[in-house]
Amino acid sequence: MSTDLTDLDAFGLLAAATEAERAARLAEVHKLDVLATWAAAHSSDPTEGPDGHIARRVGNVLRQLGGDGTPGVQDFCLGEIALARSTGVTATSNAIADVLDLQHRLPLTWAVCRRGECEPWIARRVAKLSRHLPLARVGVVDSAVSRVIASESAARVLQVAEAKVVEADPDLHDERCEAERRRRYLGLGRTDEHGLRTLIARLEAGDAAAVDATVHRVAEIVAPRHPEAHPDELRALAFGWLARPAELLTLLLEHTQTGTDTDDPELDLDREPQAPSRALAFPADLLESLRDVDLSPLAPKSVLHVHLHEAAVHIGGVTRVEGLGPVTLTRLAELLRHHTLKVQPVKDLSSRVRYTAYEHPESLRDQVHLVTGGDYWPFATSTSRHVDLDHPTPYQHGGTGDDGRDPPPAQTGPHNSGPLGRRHHRWKTHAGYRSRQCGEGRYVWLTPHGLGFLVDHTGTHRIHPEKARLILEAPPGVDIYVG
């Protein structure tokens, strides 16, 4: 029976808050228990049975998602449980890895979780932090964390976990530190709703210092152009110049001396010129030769896919830029103002060209992506163009045509094409999933255990399995829309 919270006094509300938090923790534990039970039901090695060679060939092998000492999980079982949870496969795989670690490697910490005395997400973080440790050493982490996870803040618990991970195997920690030093990278985050994006780089210390010096110098130069900008914003603007090497080099050549960087040269007539920055100093002969060089070939070349409605052009509105997200027309103009543009013809999405060949031509790939917007697997997160292009109704090769030798014609086209990530493609082909394209950008799925889904421009929707079968088994060319 639910309680009307407005009838509770302060003490009652405090008690309700405590109970609600404990209930939420136990609900999260139950979700993890369900995943662990599903994993246990699919922990036998499919390659050891009579069809083992087929299982291995198509990829249904045991995968060890968790750390040392955890049981393997059949690869093909991951897709369906993810769909049942309405989540992506990666998130579900990570959750299974965490709960298997907790059950088999961190049992003391897992016992605290099961009593509802701690946040399960903290325990999952500890499981991830300690996953690389051998089973014989991870008990050091489990013992220490289980004593503090119910009584300390998340930050302190994770500090304890990090220290105990090092203590558990110092030699392994040193090896991992050395390996990390060799893992330099530069990564881009997702574009947010404001059209901004985070860039993270891991560099050699010297390179990082040089980049910082260059950004600092450019920020000094462009500061008079942005009088309202705060220092962090100026550095971000300066960093953007690194993407335009021709303009950057021109800017630096025009400001080779610090202290003379305003846009009004009259303001600097009485100032003594300062020495060029050591990080950006140019020999005099190089300076003169560079001033006469055509720097336009240094401009970066890229393809930008912009989606906008006709009304947005005439009355203003929002456009969507692939890889960047939604931006206003004003922001788009700012984005493009430094570039020489070549506008490609607009795709006619009403084209119904069909092909007999198995391969999808590039023009068709582009058209299908524009209609679907990305991976057509239920609840898929990828909107990338770099995925496989699948035939939802499997392509029939030679020997099935009217003459007994040629395949049926026109199997490849916008009527029977959908983008799929490589793992989703493999599962669809070999793991017992059925799919069919049933309209433009509209797909139906039936999983091995009978879960039905409809994927269209509005997202993924669960449908009754019988409705899914009705759509799947309709005559060729007939698209069924069920309520």
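Parameters at a glance
Residues numbered from 1 in each chain as written. Predicted model: local features only at pLDDT ≥ 70, side-chain atom pairs only at ≥ 80, totals over all residues. Heavy atoms only, no water. Helix = DSSP H or I, 4+ residues; strand = E, 2+ residues; numbered from the N terminus. Buried < 20%, exposed > 50% of the residue type's maximum accessible area, 1.4 Å probe, protein only. Contact = heavy atoms within 4.5 Å. Areas by Shrake-Rupley, 256 points an atom, 1.4 Å probe, with all protein chains shown as cover. pLDDT = per-residue confidence, 0-100. Core = buried A, V, L, I, M, F, W, Y, C linked by side-chain atoms within 4.5 Å. Axes fitted to C-alpha atoms, helices over the stretch in contact; angles between N-to-C directions. Parallel < 35°, antiparallel > 145°, perpendicular 65-115°, else oblique. Nonpolar A, V, L, I, M, F, W, Y, C, P; charged D, E, K, R; others polar. Salt bridge = Lys/Arg side-chain N within 4 Å of Asp/Glu carboxyl O. Pairing = 2+ DSSP bridges. Polar contact = N/O pair within 3.5 Å; in protein donor to acceptor, adjacent residues only side chain to side chain. Phe/Tyr/Trp six-rings, centres within 6.5 Å; stacked < 30°, edge-to-face > 60°.

Okay, the overall build of the protein chain next. Secondary structure summary: the protein chain contains 18 helices and 13 strands in total. In the protein chain, which comprises 483 residues, the share counted as buried stands at 35%. Long-range contacts, defined here as pairs at least 24 residues apart, represent 57% of the contacts in the protein chain between residues at least 6 apart. Summed over all atoms, the accessible surface of the protein chain reaches about 28800 Å², with 55% contributed by carbon and sulfur.

With that out of the way, let us pick up the confidence of the model for the protein chain. Of all residues in the protein chain, 86% have pLDDT values of 70 or greater, and the mean over the chain is 83. Scored below 50 in pLDDT, residues 259-281 shows 26 contacts in the model against residues more than four places distant or in partner chains.

Our next topic: the nonpolar core. Membership of the largest hydrophobic core comes to 53 residues, with the highest contact counts inside it found for Val 73, Leu 78, Ile 96, Ile 149, Trp 377, Trp 427 and Trp 445. It is helix α4 (residues 89-104) that provides the largest number of residues to this core, a total of seven residues. Among all residues touching Ile 149, those that are not within four sequence positions of it are Thr 109, Val 112, Cys 118, Ile 122, Ala 123 and Val 157. Grouped together as the second largest cluster of nonpolar side chains are 12 residues, Val 215, Val 218, Ala 219 and Leu 252 included.

Before going further, it helps to spend a moment on the packing of α4 against helix α5 (residues 107-114). Between α4 and α5, the least distance of the axes is 6 Å, while the angle of their chain directions is 110 degrees. Viewed along their axes, α4 and α5 adopt a mutual orientation that is roughly perpendicular. Only Pro 107, Thr 109 and Trp 110 of α5 make contact with α4, whose side of the interface consists of Val 99, Leu 102 and Gln 103. Tallied by class, residues from the contact of α4 with α5 come to four nonpolar, two polar and no charged.

What follows covers the pattern of salt bridges. One pass over the full model with this rule turns up 22 salt bridges. Note that Asp 101 and Arg 105 form a salt bridge whose closest N and O atoms lie 3.8 Å from each other. When the shortest N-O distance is used, the salt bridge between Arg 137 and Asp 169 registers 3.3 Å. Of this pair, Arg 137 sits in the loop between α6 (120-129) and α7 (139-148) while Asp 169 sits in the loop between α8 (154-168) and α9 (170-181), and the two are 32 residues apart along the sequence. For Arg 137, a relative accessible area of 37% puts it in the partly exposed group.

Across the interface, helix α1 (residues 10-41) lies against α5 with an axial gap of 9 Å and an inter-helix angle of 130 degrees. Relative to α5, the element α1 lies oblique. In this structure, α1 contributes Leu 26, Val 29, Leu 32 and Asp 33 to the contact, and α5 contributes Trp 110, Cys 113 and Arg 114. When grouped by side-chain class, the residues that make up the contact of α1 with α5 number five nonpolar, no polar and two charged.

Strand order in the open sheet made by the four strands is β10-β11-β12-β13, with antiparallel pairing throughout. The open sheet terminates on both sides in strands that have one partner only, identified here as β10 (434-437) and β13 (459-463). Strand-to-strand twist of the sheet, defined as the mean angle between neighbouring strand axes without regard to direction, takes the value 20 degrees. Here strand β12 (residues 452-456) pairs with β13 via five bridges, running antiparallel. Bridging from a neighbouring strand, Leu 454 pairs with His 461 of β13.

Turning next to unusual backbone geometry. Of note, the phi angle at Ser 86 is positive, near 60 degrees, even though the residue is not glycine. Taking relative accessible area as the criterion, Ser 86 reaches 35% and is therefore assigned partly exposed.

Mapped onto the elements, Thr 109 comes out in helix α5. Within polar-contact distance, the side chain of Thr 109 engages the side chain of Asp 142 at 2.7 Å. With near-sequence residues (within four places) excluded, Thr 109 lies in contact with Leu 102, Ala 123, Asp 142, Val 145, Ser 146 and Ile 149.

In this section: the packing of aromatic side chains. Taken as a whole, this structure holds seven aromatic pairs when the rule is applied. With centroids separated by 5.8 Å and ring planes inclined at 50 degrees, the aromatic side chains of Trp 377 and Trp 427 adopt a geometry described as tilted. You can see Trp 377 sitting in the loop between α16 (362-372) and β8 (388-390) and its partner Trp 427 sitting in helix α17 (residues 422-430), a full 50 residues away along the chain. In this pair, the class of Trp 377 matches that of Trp 427, namely buried. Measuring from centroid to centroid gives 5.9 Å for Phe 379 and Phe 453, while their planes differ by 80 degrees, and the two rings are edge-to-face. With Phe 379 in the loop between α16 and β8 and Phe 453 in strand β12, this residue pair connects regions lying 74 residues apart in the sequence. When its relative accessible area of 23% is taken as the criterion, Phe 379 is described as partly exposed. Classification of Phe 453 by relative accessible area gives buried; the value is 0%.

Time to look at α16. Burial in α16 covers these residues: Leu 364, Asp 366, Gln 367, Val 368 and His 369. In the core, the buried residues of α16 are packed alongside β8 and β9 (418-420).

Mapped onto the fold, Ser 130 is located in the loop between α6 and α7. Relative accessible area serves as the criterion here: at 1%, Ser 130 is assigned to the buried category. Discounting residues that sit within four places of it in the chain, Ser 130 has contacts with Arg 105, Leu 106, Val 138, Val 141 and Val 165.

With that settled, the discussion passes to the environment of Asp 366. By secondary structure assignment, the location of Asp 366 is in helix α16. Exposure remark for Asp 366: the relative accessible area of 17% places this residue in the buried category. Placed 19 residues apart in sequence, Asp 366 and Arg 385 show a C-alpha to C-alpha distance of 8.2 Å. Residues within four places of Asp 366 in sequence aside, it is in contact with His 305, Lys 347 and Arg 385.

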